[in-house]
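Analysis of the macromolecular model
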Amino acid sequence: MDGVAQVQTVYMATVVLLIAVGLYCIISKRELLRIILGIEIMASAINLNFLVMGLGRSGIDALAQSMAVMSMAIGACLAAVALALIVNVFRHYGTTDVRKLRRLRW
Amino acid sequence: MTLLVSAAIMPLVKILEDQLRFRRLKEILVTGSLTLSLALLVMLYRQIPKGGYLEAFLSGFGLPFGVQFYIDRFSIYMSIIFCGIGLLVAIFSYRYMEVDTGLDKYYGLLLTLIAGMVGVAFAGDLFNLYVFWELMCISSYSLVSFRKYRWEAVEAGFKYLVMSTIGSLIALYGISLIYGCFKTVNMHEIAAKLVLIQYKLDFSLTLYLYLAAGLIICGFAVTAALAPFHTWLPDAHPAAPASISAMLSGVVIKTGIYALARILFTVFSTIPSGVAIGVTVHSIPIVDYGFVMIILGVLTITIANIMVLKQRDLKRFLAFSSIVNMGYIASGLGIAAYLLYHYPSQSYGLALIAASGAVLHILNHAVGKALLFLSSGCIVHEAKTRDLVKLEGIGRKMPLTGISSSIGLLHLAGVPPLAGFWSKLMIIWGGLGYFQDLFLLIFTAIIIANSIYAAGYYLWLMQRIMFGKLGSAAEKAHEAPSSMVAPVVILASLCIVLTFLIPWIMSIAKVSVLALIGGG
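Calculation notes
Residues numbered from 1 in each chain as written. Chains lettered and ligands numbered in written order. Predicted model: local features only at pLDDT ≥ 70, side-chain atom pairs only at ≥ 80, totals over all residues. Helix = DSSP H or I, 4+ residues; strand = E, 2+ residues; numbered from the N terminus. Rg over C-alpha atoms; globule rule 2.2 N^0.38 Å. Buried ≥ 20, exposed ≤ 12 C-beta atoms within 10 Å, placed from the backbone. Contact = placed C-beta atoms within 7 Å. Nonpolar A, V, L, I, M, F, W, Y, C, P; charged D, E, K, R; others polar. Core = buried A, V, L, I, M, F, W, Y, C linked by C-beta atoms within 7 Å. Axes fitted to C-alpha atoms, helices over the stretch in contact; angles between N-to-C directions. Parallel < 35°, antiparallel > 145°, perpendicular 65-115°, else oblique. Expected span 1.5 Å × (residues − 1). pLDDT = per-residue confidence, 0-100. Left-handed = near helix turned anticlockwise from the far one by under 90°.

**A look at the overall build of chain A**
A count of helical and extended segments in chain A gives 3 helices and 2 strands. Taken from the N to the C terminus, the helices and strands of chain A come in the order α-α-β-β-α. Taking 106 residues into account, the globule formula puts the C-alpha radius of gyration at 13 Å, and chain A, at 18 Å, lies well above it. In terms of overall dimensions, chain A has C-alpha extents of about 55 × 25 × 20 Å along its principal axes. Evaluated residue by residue, chain A yields a buried proportion of 27% over its 106 residues. Considering only intrachain contacts with a sequence separation of at least 6, the fraction spanning at least 24 residues in chain A is 50%.

**Quick word on the overall build of chain B**
Across its full length, chain B holds 19 helices and 4 strands. When burial is assessed residue by residue, chain B has 60% of its 520 residues classed as buried. Sequence separation of at least 24 residues holds for 80% of the intrachain contacts in chain B that already meet a minimum separation of 6.

**A closer look at the interface of chain A and chain B**
Taken together, the contact between chain A and chain B spans 28 residues of the former and 30 residues of the latter. Classifying every residue of the side of chain A that touches chain B by side-chain character gives 22 nonpolar, 4 polar and 2 charged.

**Structural notes on the nonpolar core**
Formed by 220 residues in total, the largest nonpolar core has its most connected members in Val144 and Ala354 of chain B. Leave out the neighbours within four places in its chain, and Ala354 of chain B touches Gly332, Ile335, Ala336, Leu339, Met426, Ile427, Gly430 and Gly431 of chain B.

**A look at the packing of helix α3 (residues 62–93) of chain A against helix α5 (residues 126–144) of chain B**
α5 of chain B packs onto α3 of chain A with a crossing angle of 5 degrees between their chain directions and a minimal axis gap of 10 Å. Between α3 of chain A and α5 of chain B, the interaxial angle falls into the category roughly parallel. Counted together, Met67, Met70, Ile74, Cys77, Leu78 and Val81 of chain A of α3 of chain A and Phe127, Val131, Glu134, Ile138, Tyr141 and Ser142 of chain B of α5 of chain B form the full contact between these two elements. For the contact of α3 of chain A with α5 of chain B, the residue count by class is 10 nonpolar, 1 polar and 1 charged.

**Points about helix α3 (residues 73–96) of chain B**
With 24 residues, α3 of chain B should reach 34 Å at 1.5 Å per residue; the first-to-last C-alpha distance of 34 Å fits that figure. Most of α3 of chain B sits out of view: 23 of its 24 residues are buried.

**Structural notes on the confidence of the model for chain A**
Summary statistics for chain A give a mean pLDDT of 88 and a share of 96% for residues scoring 70 or more. In the model of chain A, strand β2 (residues 59–60) of chain A stands out as the element of lowest mean pLDDT, 78, in contrast to helix α2 (residues 32–53) of chain A, which has the highest, 93.

**With respect to helix α1 (residues 3–28) of chain A**
The first and last C-alpha atoms of α1 of chain A sit 38 Å apart over 26 residues, in line with the 38 Å expected at 1.5 Å per residue. Those residues of α1 of chain A not exposed but buried are Val15, Ile19, Gly22 and Ile26 of chain A. Residues of α1 of chain A that are buried sit in contact with α2 of chain A together with α6 (151–182) of chain B.

**Observations concerning unusual backbone geometry**
Residue and element names in this part refer to chain B. For Lys183, which is not glycine, the phi dihedral falls at a positive 60 degrees. One non-glycine residue, Ala225, adopts positive backbone phi at about 60 degrees. For Ala225, the location among the structural elements is in the loop between α8 (203–223) and α9 (233–239).

**Some points on the environment of Ile19 of chain A**
Among the structural elements, Ile19 of chain A can be located in helix α1. By C-beta crowding, Ile19 of chain A is classed as buried, having 21 other C-beta atoms within 10 Å. What Ile19 of chain A contacts, discounting residues up to four positions off in sequence, is Met42 and Ala45 of chain A together with Tyr173 of chain B.

**Concerning the packing of helix α4 (residues 103–122) of chain B against α5 of chain B**
Residues and elements named next belong to chain B. Packing of α4 against α5 leaves a shortest axis separation of 8 Å and a crossing angle of 150 degrees. Judged by the inter-axis angle, α4 sits roughly antiparallel to α5. For the element pair α4 and α5, the recorded crossing hand is left-handed. Along the contact surface, α4 presents Leu109, Thr112, Leu113, Ala115, Gly116, Met117, Gly119 and Val120, while α5 presents Leu129, Phe132, Trp133, Leu135, Met136, Ser139, Ser140, Ser142 and Leu143.

**Quick word on the environment of Val251 of chain B**
Residues and elements named next belong to chain B. Its place among the elements puts Val251 in helix α10 (residues 242–267). The sequence separation of Val251 and Met78 amounts to 173 residues, and the corresponding C-alpha distance is 9.0 Å. Once residues within four sequence positions are removed from consideration, Val251 is found in contact with Ile81, Phe82, Ile85, Met117 and Ala366.

Here it is in structure tokens:
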């Protein structure tokens with residue numbers, strides 16, 4: 001493999017690792033804010049993946065860069081809505097412990 | 001573009017809310033812009049050349065950088081459904097949402113929701129689809145938890161947000177992998193590149209294709225409410241205001257299936273070379289996604305059917321039946337793809353029938369489920385409870401709503417001659433075409449059994465609403481205000497009208513599917 005492909009392989013392994021970390025945070029953290037941080041970790045990993053895929057001999061493809069920036073903007077909107085929801089959850093339940101959000105069942 | 005008209009009106013709504021004291025201006029603006037969009041969409045339909053498409057590039061960049069809008073008949077078909085249901089929901093919200101404050105944000109979010117969905121329908125490349133997809137999803141998260149003074153909306157909204165965001169991010173990962181293989185995100189460019197290299201696929205590219213296809217299916221299946229990704233839906237639908245439940249169940253989850261169909265049939269399919277002159281050229285899947293879609297679809301139908309009868313809450317009941325119908329649509333598309341993959345040259349007609357059935361079922365279920373959720377909104381508005389035991393026999397106290405919801409239940413149950421029967425028949429017909437293929441036979445038999453079971457519980461619900469002994473909440477109820485009942489009656493009459501227009505609608509569905517599969 002030439003140099004570009006080697007760098008790409010290393011970075012793609014990092015992306016997979018970061019997605020795994022993000023998923024782990026979302027699944028097994030007890031506080032709502034940490035779940036949102038897990039979502040943001042996953043989003044950052046996928047932005048990195050966009051950039052890595054656009055790697056070429058003369059730098060990173062412009063399309064990949066523009067897609068990464070757009071994706072970051074969307075991630076910011078998502079975080080805003082999620083944080084507003086966390087504030088409202090706190091107003092209702094008095095806690096940000098996700099194990100207390102169990103009133104909706106079968 | 002029409003959807004930019006929709007999106008651009010939205011900030012005006014917010015400004016005008018403070019400036020003008022004219023009371024009903026917001027609603028008039030919303031209804032007006034939706035009607036305008038619907039008219040423009042119909043005009044756009046006439047401009048599409050026969051069997052072709054329109055395309056437009058934003059800011060004149062051109063391939064491969066430009067944002068491309070690719071509008072063919074399937075896109076227009078879906079967009080007309082989205083705008084139509086949106087218009088009826090806006091009329092319904094006129095009285096239903098009176099008790100809420102912050103209505104400017106509600107209508108603004110409703111407009112961005114519809115704009116996002118129309119953008120997904122018109123998207124010509126993968127990243128454009130993702131951007132409009134996120135616009136739609138973020139609007140829907142906010143709308144589900146709109147009544148934030150109730151704990152239920154907030155909890156369900158948060159759960160929906162986390163699950164749907166994970167789904168969107170997984171789909172985005174798949175999109176970035178496809179970008180890495182082909183260095184372009186334009187769906188038709190990727191298809192063209194695949195045509196060139198289809199006989200020289202090496203192992204690593206095949207691996208990427210399978211991985212990306214799997215990620216995209218899982219990602220969009222979360223919003224399309226396919227099992228096992230459906231668990232957000234039974235919580236989100238009852239918690240949302242009834243008009244938003246109608247939107248969610250009627251059109252937002254259809255957008256998931258549409259995105260899945262568009263990406264799978266366009267990006268992961270190719271036109272075989274070396275076909276004789278005069279033979280219809282259509283696309284053939286490169287990745288065997290029909291198999292996965294059939295399994296997911298049938299799993300969805302079975303799981304949701306089992307869960308339905310346990311529900312005591314009217315809207316949760318309807319939410320599970322939405323999941324069942326999404327399973328039908330996914331199975332229909334899966335049967336078409338499976339036939340195209342395994343029997344490439346002889347099953348084209350049968351695959352068309354199955355896919356047309358799925359596409360027609362999108363329309364049928366959108367109309368029927370929006371009807372049911374809006375009528376349940378009327379019922380809940382009058383009776384102030386969602387408990388099925390207390391709501392028995394309320395159809396006799398609210399005659400228009402009761403009769404309309406009975407028509408809707410019969411339509412969704414697949415009772416002939418109402419329109420819902422024909423779409424299910426077409427899906428099952430496509431599945432039963434090859435008796436020697438055991439896989440298809442078994443799964444189509446499961447679909448038939450589930451259809452009969454579903455008809456059973458729809459009729460059970462109709463019996464409880466119309467003919468049961470009057471429950472405690474039903475005694476004090478009277479008919480809902482007329483502007484809330486009007487969309488319900490319009491949708492019910494649409495169910496009956498669709499019955500008479502079945503040949504015309506079937507040919508529209510077939511033309512849309514031809515645009516999807518045939519054009520490549």
